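Analysis of the macromolecular model
Chain by chain, the residues run as shown.
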Amino acid sequence: MRRARPATRGRRALGVTLTAALAASLAAGCGALPELPGPMPTSVVPSFAAQVEPLGSENLSPDGFDAVKRMAVRIRNVGCSSLSTGSGFALDDRTLITNKHVVEGSKSLQVLTYDGRDIQVETASAAGLADLAIVRTSDDLPSAPTLAAADPAQGDTVTVVGYPEGGQLTVTQGKVVGTATDPLHENLGQVLVTDAQVEPGSSGSAALNEAGEVIGVVYAKSTDASLLVPVSTLRSMLDDASAFATLPPCS
Amino acid sequence: MPPPGGDPGPVPSRPPTPGPTTPQTSAPQAQAYQTAAALPGTGAAGPTAGPRRPGRGRTVAIVLLSALLLAALALAAYLLTTTRSWQDRSAEWESVSRGLGEQVAQLGADLDGANAELESARSQLTTAQDRITALANEKAQLGDENVASQQYLDYQARISEAAGTVAAALGQCTTAQDELIGYLNNRDAYNPDDLARFATQVDDLCKVATDANTELQQELAQ
């Protein structure tokens, strides 16, 4: 009879253990059971849409021309017995910058925009110490660039937009070669030398840096280089109200 | 005190009252212990409870198995419900996915069409810009030609005017010279001083003609 005691206790312990194991497994199993699906979402499409800027639209105007071309103008100098053409660019809504030699000796000045619109000219004044001139208009100009804060460094890319030979609006590119003393002795101080191709008629063209800012004004060319009035000179002339004098008409 | 010679049995819930350990009192105590040992849920049985053990174990087993069966049935029911719910949800998602897939395909086709139209529009815009630039250039060239033509017309007018002046002066010069020649052929009939004054006036007229001709030549030389 005493031999049965351990077996009974063992079965009892086994039963208790099995019961506990069953309860534990049930409890654990309930925790691992998959849940019922929640309500079906009404929509899985996000309410917002990603805004993607179309490629190449950063400089576009309503008519599709970029700002570089919109700011350029063609200047026709009708003299008493002569005719010449040059280029220029808008400084603000009704002010143009060009070269003095483009507008001096004129009986009338005729300005055309990139799209062939005529712009009426009010006055023209030229600087005494640089080959620069300011033309005031009575009509609004399409677009105006900003002036760079400082002159470019050697090797910087330069873009020239103008009307070489009085022909079609042309954009050419090059690099700043360096600075030099003006060989024509028309400008005080140093002038910029670039390898951008220009022609007669390009005088007064804006030279732009990669950011589209004006870094100079084309005023002459040599064999394989173009000469620019640097933006620092332009700024100093614009800051001095007495630097420009009204040009007399031809006689 | 445990009964002598017997199984101690389960621990009573209440300790036996101490008393004299006489043989007369041992039998009732043993019976009491047997009765207590036979009570259900009191653990191991005494020597007389041995045959009941399989029944209790079976009962316990039946209870456990029944509980287990019930739990399994409940679990199966739950799993069945859950599975069907997920099947339904899966079908709904598949339907939604197929709808979205169709939308994606349609939007992809629309996007391809829009891109083609955009490319065409860009090409047209470039063509239009080139045309605008060319027209602006043509207008500028025509303006230059107009100005040049006007300047040429002005030049021609100046030439014509100068030529007319030259012709008139030359006509006056030759007329006066003819008149002077007539006077000189009959000089005795005229005062020599008057002839000399008239000859000077003729020279002046001819000099005016010569100057006008010089200006004309200069204009023509331009």
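Whatever comes next refers back to the structure up there.
Below or above, wherever it landed, is the structure these notes cover. Just so it is clear, the structure is predicted and the values come from calculations on it, not from any experiment.

1. Observations regarding helix α3 (residues 192-221) of chain B
All names here are of chain B.
- Given a rise of 1.5 Å per residue, 30 residues ought to cover 44 Å, and the 43 Å separating the end C-alpha atoms of α3 matches this to within 8%.
- Within α3, burial applies to L195, F198, V202, C206, A209, A212, L216 and E219.
- Measuring from the backbone nitrogen of D193 back to the side-chain oxygen at the start of α3 gives 2.9 Å, which picks out N191 as the cap.

2. Re the sheet that holds strand β12 (residues 214-221) of chain A
Residue and element names in this part refer to chain A.
- Strand order in this closed barrel of six strands is β8-β9-β10-β13-β12-β11, and the pairing throughout is antiparallel. Across the sheet, the axes of successive neighbouring strands diverge by a mean angle of 45 degrees, strand direction being ignored.
- By the bridge criterion, three bridges tie strand β11 (residues 206-208) to β12 in an arrangement that is antiparallel. From the neighbouring strand, L208 faces β12, where its bridge partner is V214.
- In this fold helix α4 (residues 231-239) packs onto β10 (190-194), β12 and β13 (226-230), with an angle of close to 40 degrees to the strand it touches most, β13.

3. Quick look at the pairing of strand β8 (residues 157-162) of chain A
All names here are of chain A.
- Among the six residues of β8, five are classified as buried, and the element is accordingly described as predominantly covered.
- Bridge count for β8 against strand β9 (residues 170-181) is six bridges, and the pairing is antiparallel. Directly across from G162, in β9, lies its bridge partner T170.
- Of the strand pairs in this sheet, β8 and β11 are connected by three bridges, and their pairing is antiparallel. When the sheet's bridge partners are listed, V161 is paired in β11 with A206.

4. A closer look at the state of the cysteines
- Summed over all chains, the structure comprises two disulfides over all chains.
- The disulfide partner of A:C80 is A:C250, and the gap between their sulfur atoms is 1.9 Å. Since a negative S-S torsion denotes a left-handed disulfide, the A:C80-A:C250 link at about 95 degrees is right-handed. Here A:C250 lies in the segment after β14 (244-246) and A:C80 lies in the loop between β1 (72-78) and β2 (83-92), a separation of 170 residues in the sequence.
- For A:C250, a relative accessible area of 19% puts it in the buried group.
- The disulfide partner of B:C173 is B:C206, and the S-S distance across this bridge is 1.6 Å. The sign of the 90 degrees torsion about the S-S bond sets the B:C173-B:C206 disulfide as right-handed. Highlighted residues: B:C173 in helix α2 (residues 53-185) and B:C206 in helix α3, separated in sequence by 33 residues. Both residues of the pair, B:C173 and B:C206, belong to the buried class.

The rules behind each value
Residues numbered from 1 in each chain as written. Chains lettered and ligands numbered in written order. Predicted model: local features only at pLDDT ≥ 70, side-chain atom pairs only at ≥ 80, totals over all residues. Heavy atoms only, no water. Helix = DSSP H or I, 4+ residues; strand = E, 2+ residues; numbered from the N terminus. Expected span 1.5 Å × (residues − 1). Buried < 20%, exposed > 50% of the residue type's maximum accessible area, 1.4 Å probe, protein only. Polar contact = N/O pair within 3.5 Å; in protein donor to acceptor, adjacent residues only side chain to side chain. Pairing = 2+ DSSP bridges. Axes fitted to C-alpha atoms, helices over the stretch in contact; angles between N-to-C directions. Contact = heavy atoms within 4.5 Å. Disulfide = S-S within 2.5 Å.

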